[in-house]
Amino acid sequence: MAPGDGIQIPSRLPLLLSHEGVLLPGSTVRFSVDSPRNMHLVSQRLLRGTSLKSTIIGVIPNTRDPEHDTDDLPTLHKIGTAGIAVQVVGSNWPKPHYTLLITGLCRFSVSSLLKERPFVLAEVEQLDKLEQYMTPATERTTVQDGELGELSHTFYQAAVQLLGMLDMSVPVVAKFRRLLDSLPRETLPDVVASMIRTSNKEKLQVLDAVTLEERFKKALSMLTKQIEGLKLLQKTRKSSPENEKRVLSVRKGGVLPGRQFNLEEEAEDEDGDDTAVLEKKVHGAKMPEAAFKVCLKELKRLKKMPQSMPEFSLTRNYLDLMVELPWSKSTKDCLDIQAARTLLDNDHYAMDKLKRRMLEYLAVRQLKTSLKGPILCFVGPPGVGKTSVGRSIARTLGREFHRISLGGVCDQSDIRGHRRTYVGSMPGRIINGLKTVAVNNPVFLLDEVDKLGKSLQGDPAAALLEVLDPEQNHSFTDHYLNVAFDLSQVLFIATANTTATIPPALLDRMEVLQVPGYTQEEKVEIAHRHLIPNQLEQHGLTPQQLHIPQDTTQNIISSYTREAGVRSLERKVGAICRAVAVKVAEGHRVPVTDASTAECPTQQRDQAAPPEMPIVIDSVALKDILGLPLFEMEVSERLTLPGVAVGLAWTPLGGEILFVEASRMEGEGNLTLTGQLGAVMKESAHLAISWLRANAKTYQLTNMAGGPDPLEGTDIHLHFPAGAVTKDGPSAGVTIVTCLASLFSGRLVRSDVAMTGEITLRGLVLPVGGIKDKVLAAHRAGVKCVILPQRNKKDLEELPANIRADLDLVTAANLDEVLNAAFDGGFPGTASTHTQPQLTSKL
Ligand code: ADP
């Protein structure tokens, strides 16, 4: 049947090799495309083309295995269907592929192949007329005469008979009915063959039937077979809508653009089981009424959706999450205070205050089980065990543990999720965490709440407030979930390095527990009780193979680490274990200066014998493994000139010692400050100079020429070395005064003294914070005497007894007392030069 001179398809068509379905003119079929040639066709032709013509492609059935597409081009089927690509959907999951929705237009035969790569392009000859779809059925001359007329009539009758056996209330059937009446008769074989249940082989026969007679005959036999089948079925079973679906649903079939109804049916057919399973899970998830209603609504929507619709997987994922969430699943708390105390003590050394508070919490919990979870916030330097205590608490309670790191989170949807309208939307970390632990009463550790960010995407702190506030969190609504989830049973523990940067509203809801740094002795204990055994185990070593004596541990702590916590100590122990592991594995020994092995010649011993166990790490072995000491007790060395004093600073990483240096030169009374100082520090410097000038006479301070005003004809430079770190805070006041007093008097500050305190213009010393961390830092640095504000005396009680015994702790109420204690033999002019012993209090 020649196309005549009606509407023509392009004579050169790119060909889509279809491995799975047969496209017939008049039907719309969805093709999944993932073989290289077809992918190229989509990306280089369909997606780049701008004209309507470029959306017309040929679909050629390819019966060969799709895996062989990259090899030579298979022999193509001789007839194909030209079609318009009406929709292209790309996806990367599970592998890159496209889904094409193609509506068949007419048959063509391949005249010659023009190219095979990157996609197949062929010269084609059109075989069907295109006009038949464009004129309404009534205006057309339909096939009526002779054998063809009879055939078409019989075919129509058979189709009507089939319809009569089906239930008209089923939408597919109703559509079939409408099409039957509205379409011209000559299109019926193609349309009906694509609608009724036929195999690909049968469809191929219809495609190959180029003449109308042949096509009618082929399609008629299929139609009759269908009717016979249905008759048989009806005899055995009462007709039900299911039967209609079964008769009409065609795999990957459809009729005319936009009429994809039987695709829907197919999705339902294939997915019916899955959806039923999901529905069962929804009923079994024991969720609250509101959530249950939402799920039922979504389920209803899901059932109506074709599987290929992008929204299908979104809804599916949503429902999957809803059924997985632990709405009413919880673990039973084991509340045995005695056992808890043992467990906490076994897991962690020291930390008495923290442990006491935790036991209090557990005790109250034992008495009143419905207690709402408090929000505890552990504040302290890194590596002091905040996270690991959190984990221990979960273990003590027998609860699940989940850590949520908040450092750098600056988008509130991280906490509260994205609304489902966004592409790639997902729940926030809280809901995700609940899904992971699968119970609704876990211990959630919110790590680093002090490092929350803020951005245009909303304030995560505000979202966190909703999570933490006991008044609100029983109905926490994640944007993705869009129904309330009860978080009131969750025990939240937050950790932070400092409270300064925690948003005040958040801080207000939390109970802050300070976890200060450790003393040298505590570190040694922690190392021997926990870190070394842990590291040995992690490296597959035993105490019989490696022994680290206490002296060595002390050496590591003082010469190789300078930290408030024990993290770097743990790493150093790890490094020793690794080095020893190599030796043990090789059968060689670490070059130790062990007395027992000293007699035997080193070379022989190294090459032959396995190492003598245990390998003892002494100072020589330590140097060998960790290299030269990283830190020295440097304080005394630097205090050899007038104009240097040691202050104590507090940072989120623990206490630190801080040098203050001053020098003077001829000038006009200018003050230069360097060392990355903040505004408060600069003010302290001005304050110090003013006070010294005002009291120059009393203290016999002079300028360079010996005059009574220290600033006259003199420029002063004050510097705070130690890294390019911004330093601020009022607590360096006394140090600056001491440093300048030393400069102006030409006397050396005592080399073993460090100090902290804020000053006033009248020379009073005001209290400052972080005393424990500061004193520990001074002790670490080898300082012998620490000068503190008198009003900080109460803080000294927190210090371990051995530190108090080691250090000379001087409390000063005014600068007079500070200067007196900072210089050997007191400071000239101070009121108490001769009554010095009264001021020093050795606590
Ligand atoms: P943080 O969360 O405070 O930064 P971590 O909890 O990560 O610190 O602790 C670092 C390491 O130090 C962990 O291996 C932990 O077990 C150990 N650790 C810290 N403090 C103690 C302690 N008091 N007793 C035993 N181990 C400790």
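Within each chain, residues carry numbers counting from 1 in the order of the written sequence. Where local features are concerned, this predicted model is filtered to residues with pLDDT of at least 70; where side-chain atom pairs are given and counted, the filter is 80 or more; whole-chain, interface and lining totals use all residues. Side-chain numbers come from the whole structure's heavy atoms, not from hydrogens or water.

S.K.: Explain the overall build of the protein to me, using residue names and the numbers behind them.
M.R.: Within the protein, the secondary structure is distributed over 30 helices and 24 strands. When burial is assessed residue by residue, the protein has 50% of its 843 residues classed as buried. We call two residues in contact when some of their heavy atoms are within 4.5 Å. Pairs at least 24 residues apart make up 73% of the contacts formed inside the protein by residues separated by at least 6 positions. Segments assigned H or I by DSSP are reported as helices when at least four residues long, segments assigned E as strands when at least two residues long, and all are numbered from the N terminus. In this scheme, a residue with accessible area under 20% of its type's maximum is buried, one over 50% is exposed, and one in between is partly exposed, where area comes from a 1.4 Å probe on protein chains only.

S.K.: Could you give me a rundown of the pairing of strand β4 (residues 79–91), with the residues and numbers involved?
M.R.: In this analysis, strands are considered paired if DSSP registers two or more bridges between them. Across four bridges, the pairing between strand β3 (residues 56–61) and β4 is antiparallel. Following the sheet pairing, Gly 58 is matched in β4 by Ala 82. Sheet topology places β4 next to strand β5 (residues 97–115); twelve bridges connect them, and they run antiparallel. From the neighbouring strand, Ile 84 faces β5, where its bridge partner is Thr 103.

S.K.: Could you give an account of the pattern of salt bridges, with specific residues and numbers?
M.R.: Criterion for a salt bridge: a side-chain nitrogen of Lys or Arg within 4 Å of a carboxyl oxygen of Asp or Glu. Here the structure, examined in full by the defined rule, presents 27 salt bridges. When the shortest N-O distance is used, the salt bridge between Asp 128 and Arg 215 registers 3.2 Å. Linking Asp 128 in the loop between β6 (120–126) and α2 (146–164) with Arg 215 in helix α6 (residues 212–236), this pair joins segments that are 87 residues apart in sequence. Judged on exposure class, the residue Asp 128 and its partner Arg 215 are both buried. A salt bridge links Glu 279 to Lys 303; the nearest nitrogen and oxygen atoms lie 3.3 Å apart. Taken as a pair, Glu 279 in helix α8 (residues 261–284) and Lys 303 in helix α9 (residues 289–304) lie far apart in primary sequence, 24 residues in all. By relative accessible area, which is 38% here, Lys 303 ends up partly exposed. Through salt bridges with shared partners, one network takes in Arg 107, Asp 128, Asp 190 and Arg 215.

S.K.: Can you lay out the site of the ligand for me, pointing to particular residues and giving the numbers?
M.R.: Only a single heavy atom is needed: when it lies within 4 Å of a molecule or strand, its residue is near that molecule or strand. The full set close to the ligand counts 18 residues, and Tyr 349, Gly 383, Lys 386, Thr 387 and Arg 567 are the nearest of them. In the environment of the ligand, an oxygen atom lies 2.8 Å from a nitrogen or oxygen atom belonging to the side chain of Lys 386. A 3.5 Å cut-off defines polar contacts: any pair of N or O atoms within that distance qualifies, except that in protein one atom must be a possible hydrogen donor and the other a possible acceptor, and neighbouring residues in sequence count only when both atoms are side-chain atoms. In the environment of the ligand, a nitrogen atom lies 3.0 Å from a nitrogen or oxygen atom belonging to the side chain of Tyr 518. Under the convention used here, a 1.4 Å probe and the Shrake-Rupley method define accessible areas, while residue burial counts only the protein chains that appear. For the ligand, whose accessible area on its own is 560 Å², the fraction buried by protein is 87%. Counting only elements with at least two residues in the shell around the ligand, the list comes to α13 (386–397), α18 (520–538) and α20 (567–586). Following the grouping adopted for this structure description, the nonpolar residues are Ala, Val, Leu, Ile, Met, Phe, Trp, Tyr, Cys and Pro, the charged ones are Asp, Glu, Lys and Arg, and the polar ones are all others, Gly among them. Along the lines of polarity and charge, the residues of the shell around the ligand split into eight nonpolar, six polar and four charged.

S.K.: Residues and numbers for the packing of helix α24 (residues 679–694) against helix α26 (residues 733–745), please.
M.R.: What counts as an axis is a line fitted to C-alpha atoms, over the stretch in contact for a helix, and the angles between N-to-C directions run from 0 to 180 degrees. Where α24 contacts α26, the two axes come as close as 9 Å, and the packing angle between them is 45°. Considering the angle they form, α24 stands oblique to α26. Where α24 crosses over α26, the handedness of that crossing is right-handed. Of the residues in α26, those touching α24 at Met 681, Ser 684, Ala 685, Ala 688, Ile 689, Trp 691 and Leu 692 are Gly 733, Ile 736, Val 737, Leu 740, Ala 741 and Phe 744. For the contact of α24 with α26, the class distribution of residues is eleven nonpolar, two polar and no charged. An angle counts as roughly parallel when it lies under 35 degrees, as roughly antiparallel when it exceeds 145, as roughly perpendicular when it falls between 65 and 115, and as oblique in every other case. By convention, the crossing between two helices is left-handed when the near helix turns anticlockwise from the far helix through less than a right angle, and right-handed when the turn is clockwise.

S.K.: Describe in detail the sheet that holds strand β9 (residues 443–447), supporting the description with residues and values.
M.R.: Ordered by their spatial adjacency, five strands build an open sheet running β8-β9-β12-β7-β13, and the pairing between neighbours is parallel. Each of the sheet's edge strands pairs with one partner strand only, and the pair in question is β8 (401–405) and β13 (511–514). Strand-to-strand twist in this sheet, taken as the mean axis angle between neighbours without regard to direction, amounts to 25°. For β9 and strand β12 (residues 491–496), the ladder comprises four bridges, and the chain directions are parallel. In the strand pairing of β12, Val 443 is matched with Leu 491. Where α13 meets the sheet, it contacts β7 (375–379), β8, β9 and β12, and its direction lies at approximately 165° from that of β12. Contacts from helix α15 (residues 429–437) reach β8 and β9 within the one sheet, and its direction differs from that of β8 by about 155°.

S.K.: Provide a residue-level description of the packing of helix α11 (residues 337–347) against helix α12 (residues 352–367), including the pertinent values.
M.R.: Helix-helix packing is described using two parameters, namely the angle between the two axes and the distance between the axes. At a closest axis distance of 10 Å, the pairing of α11 and α12 adopts a crossing angle of 155°. Looking at the two axes, α11 sits roughly antiparallel to α12. Between α11 and α12 lies a crossing whose hand is right-handed. Each of Ile 337, Ala 340, Arg 341, Leu 344 and Asp 345 in α11 lies in contact with α12, whose residues at this interface are Lys 355, Met 358, Leu 359, Leu 362, Ala 363 and Gln 366. For the contact of α11 with α12, the per-class residue count stands at seven nonpolar, one polar and three charged.

S.K.: Pulling in residues and values, what's your account of unusual backbone geometry?
M.R.: Note that the residue after Arg 117, namely Pro 118, is joined by a cis bond; omega there is -5°. Tracing the backbone shows Pro 118 in the loop between β5 and β6. Unlike most non-glycine residues, Lys 286 shows phi in positive territory, near 50°. Tracing the chain through its elements places Lys 286 in the loop between α8 and α9.

S.K.: Go over the environment of Ser 43 with me, naming the residues and quoting the values.
M.R.: Following the sequence through the fold, Ser 43 ends up in helix α1 (residues 36–46). Counting along the chain gives 47 residues from Ser 43 to Gly 90, while the straight-line C-alpha distance between them is 9.8 Å.

S.K.: Give me the lowdown on the packing of aromatic side chains, citing residues and values where you can.
M.R.: The criterion for an aromatic pair is that two Phe, Tyr or Trp rings (for Trp, the six-membered ring) have centres within 6.5 Å, with stacked assigned to planes under 30 degrees apart, edge-to-face to planes over 60 apart and tilted to the rest. Enumeration over the complete set of coordinates arrives at five aromatic pairs. Ring centres 5.5 Å apart and planes at 65° place the aromatic pair Phe 155 and Phe 216 in the edge-to-face group. Pair noted here: Phe 155 is in helix α2 and Phe 216 is in helix α6, with a separation of 61 residues, a long-range link. Look at Phe 155 and you get buried, because its relative accessible area is 0%. Its relative accessible area of 0% is what places Phe 216 among the buried residues. Here Trp 327 and Phe 485 contribute two aromatic rings whose centre-to-centre distance is 4.9 Å and whose plane-to-plane angle is 40°, an arrangement assigned as tilted. Of this pair, Trp 327 sits in the loop between α10 (310–324) and α11 while Phe 485 sits in strand β11 (residues 484–485), placing them 158 residues apart in sequence. Accessibility classification places Trp 327 together with Phe 485 in one group, the buried group. For a ring to carry a charge above it, either NZ of a lysine or CZ of an arginine must fall within 6 Å of the ring centroid while also lying within 35 degrees of the normal to the ring plane. Directly above the aromatic system of Phe 119 lies the positively charged group of Lys 115, at a separation of 4.9 Å from the ring centroid. Over the aromatic face of Tyr 156 sits the side chain of Arg 185, whose NZ or CZ is 4.1 Å from the ring centroid.

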